[in-house]
Amino acid sequence: MKNSALKGALGALAVVGVALIAKKAVQRKRFIKGIFDEYGIKEKSPFGLADKIREMNDEEYQELKGKFKKEFHSKCCRKENTCEA
């Protein structure tokens with residue numbers, strides 16, 4: 001009896017973990033889609049994004065770079081000077 005209850009609890013925990021991972025993936029996909037729409041990139045691939053970056057001036061590039069840093073920063077580093085993205 002104990003073993004089946006443990007398996008059930010671990011199964012429920014696994015389902016919650018998968019749901020959290022899927023939620024984060026959907027959020028990131030929505031962010032990338034927003035970037036493509038905002039900058040008018042027709043080709044929805046990394047190559048389309050690279051072509052657009054080549055066309056940008058320094059100010060636009062730094063703005064885009066800041067958006068990516070903000071969205072994809074690592075939460076492992078707490079101090080501001082310890083991590084460079």
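Look a little higher up for the structure.
Residues numbered from 1 in each chain as written. Predicted model: local features only at pLDDT ≥ 70, side-chain atom pairs only at ≥ 80, totals over all residues. Heavy atoms only, no water.

## Regarding the nonpolar core
Next up, step 1: Listed in full, the 8 residues of the largest apolar core are Phe-31, Ile-35, Phe-36, Tyr-39, Ile-41, Leu-49, Met-56 and Leu-64.
Next up, step 2: Broken down by element, the residue count for this core peaks at 3 residues, all from helix α1 (residues 2-38).
Next up, step 3: With sequence-adjacent residues up to four places away left out, Ile-35 is seen in contact with Leu-49, Leu-64, Lys-67 and Phe-68. (Core = buried A, V, L, I, M, F, W, Y, C linked by side-chain atoms within 4.5 Å. Buried < 20%, exposed > 50% of the residue type's maximum accessible area, 1.4 Å probe, protein only. Helix = DSSP H or I, 4+ residues; strand = E, 2+ residues; numbered from the N terminus. Contact = heavy atoms within 4.5 Å.)

## Re the packing of aromatic side chains
Next up, step 1: Throughout the structure, instances matching the rule amount to 3 aromatic pairs.
Next up, step 2: A ring pair is formed by Phe-31 and Phe-72, whose centres lie 5.6 Å apart and whose planes are at 80°; its orientation type is edge-to-face. Of this pair, Phe-31 sits in helix α1 while Phe-72 sits in helix α3 (residues 58-72), placing them 41 residues apart in sequence.
Next up, step 3: The exposure class assigned to Phe-72 is partly exposed, which follows from its relative accessible area of 31%.
Next up, step 4: Put simply, the rings of Phe-31, Phe-68 and Phe-72 touch in pairs and so form one group of aromatic residues. (Phe/Tyr/Trp six-rings, centres within 6.5 Å; stacked < 30°, edge-to-face > 60°.)

## Looking at the pattern of salt bridges
Next up, step 1: Counted under the stated rule, the structure contains 4 salt bridges.
Next up, step 2: As a salt-bridge pair, Lys-44 and Asp-37 come within 3.5 Å of each other at their nearest N and O atoms.
Next up, step 3: Between Arg-54 and Asp-51 there is a salt bridge; the shortest N-O distance is 2.6 Å. Taken as a pair, Arg-54 and Asp-51 lie in helix α2 (residues 46-55) at a separation of 3 residues, close to a single helical turn. (Salt bridge = Lys/Arg side-chain N within 4 Å of Asp/Glu carboxyl O.)

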